[in-house]
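Analysis of the macromolecular model
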Amino acid sequence: MSDPTPVIDDLREESEELDALVAELSPEEWRLATPAPGWTIAHQIAHLHWTDRATLVAVTDEDGFKGLIEQALAAPDRYVDDGAEEGARQAPAALLAAWREDRAALDKALRTAAPGARFPWYGPPMATASMATARLMETWAHGLDVADAIGVVRPPTDRLRHVARIGVRARDFAYAARGLTPPAGQFRVELTGPGGDLWTYGPEDAAQRVTGPALDFCLLATQRAHRTDLALTAEGPDADRWLDIAQAFAGPPGAGREPKAPNGEPR
């Protein structure tokens, strides 16, 4: 992706939609439980703020980011949860203001980054567009958790194209994160976007295929829904295995979500 501006624009729009969702919540509503065990709405926004701030450091202060890496290595099992817990202890108004300030600074830093720049991260170094895509993916996924907590359905948008793309590109990482060897051949992935257009990835003549709604693939890759609750189809044993382990995010595999019971509630 040569010009990162479109995904940076979409990241800002995704963030603003989530901001509007939480801005009018009462302090009591900020303490509502979300589908992530132990995480309230405050934890979700605190996590996004924490990660936006880490991204800002990575983009603007490489030496400073080394310190964040050291903190992560010192407490790999608690680092993310500790960050969310610390932020969630703030008053909601203060947390929201801090998130707004740092994501505005990150927006500016991404837009003014040197062409071709690559920045350190908790995995491999990332280009500007990849940084923005990762932030959009997380903002969308954690925004879903917030929406679930307050009983709101957020319609899918074409911004999911970025989430789908990072989910496809992270195929081999999903295998490696579980100590598995990725398949040698590429897969064909055909996803139907919210507007009905087809998003395609990989060789058209690939033997292994994944097809279905783009929304469902994004829910799977961000582990916001169990595979059995999604309308995704795999052709080939390797593609089928991938749908069991897909993840679009860096770090160790998550626990994922439980399949829903016939009444639509988690089992």
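Our structure is the block above this text.
Source: prediction; values computed, not measured. (Residues numbered from 1 in each chain as written. Predicted model: local features only at pLDDT ≥ 70, side-chain atom pairs only at ≥ 80, totals over all residues. Heavy atoms only, no water.)

Digging into the overall build of the chain
- Assigned secondary structure in the chain consists of ten helices and six strands.
- Against the 2.2 N^0.38 benchmark of 18 Å for 267 residues, the chain shows a C-alpha radius of gyration of 18 Å, consistent with a compact globule.
- Seen along its three principal axes, the alpha-carbon backbone of the chain occupies a region of about 50 × 50 × 40 Å.
- Classification of the 267 residues of the chain by burial places 49% in the buried group.
- In the chain, the share of contacts with a sequence separation of at least 24, taken over all contacts with a separation of at least 6, comes to 64%.
- Accessible area for the chain stands at about 13,200 Å²; split by element, carbon and sulfur atoms hold 52% of it. (Helix = DSSP H or I, 4+ residues; strand = E, 2+ residues; numbered from the N terminus. Rg over C-alpha atoms; globule rule 2.2 N^0.38 Å. Buried < 20%, exposed > 50% of the residue type's maximum accessible area, 1.4 Å probe, protein only. Contact = heavy atoms within 4.5 Å. Areas by Shrake-Rupley, 256 points an atom, 1.4 Å probe, with all protein chains shown as cover.)

So, the packing of helix H2 (residues 41-60) against helix H3 (residues 62-74)
- The interhelical angle for the contact between H2 and H3, taken along N-to-C directions, is 135°, at an axis separation of 6 Å. Viewed along their axes, H2 and H3 adopt a mutual orientation that is oblique. Regarding H2 and H3, the two cross each other, and that crossing is left-handed. Counting all contacts with H2, which are made through Ala-54, Val-57, Ala-58 and Thr-60, the residues of H3 involved are Glu-62, Gly-64, Phe-65 and Leu-68. (Axes fitted to C-alpha atoms, helices over the stretch in contact; angles between N-to-C directions. Parallel < 35°, antiparallel > 145°, perpendicular 65-115°, else oblique. Left-handed = near helix turned anticlockwise from the far one by under 90°.)

Nothing here speaks to function; it is geometry throughout.
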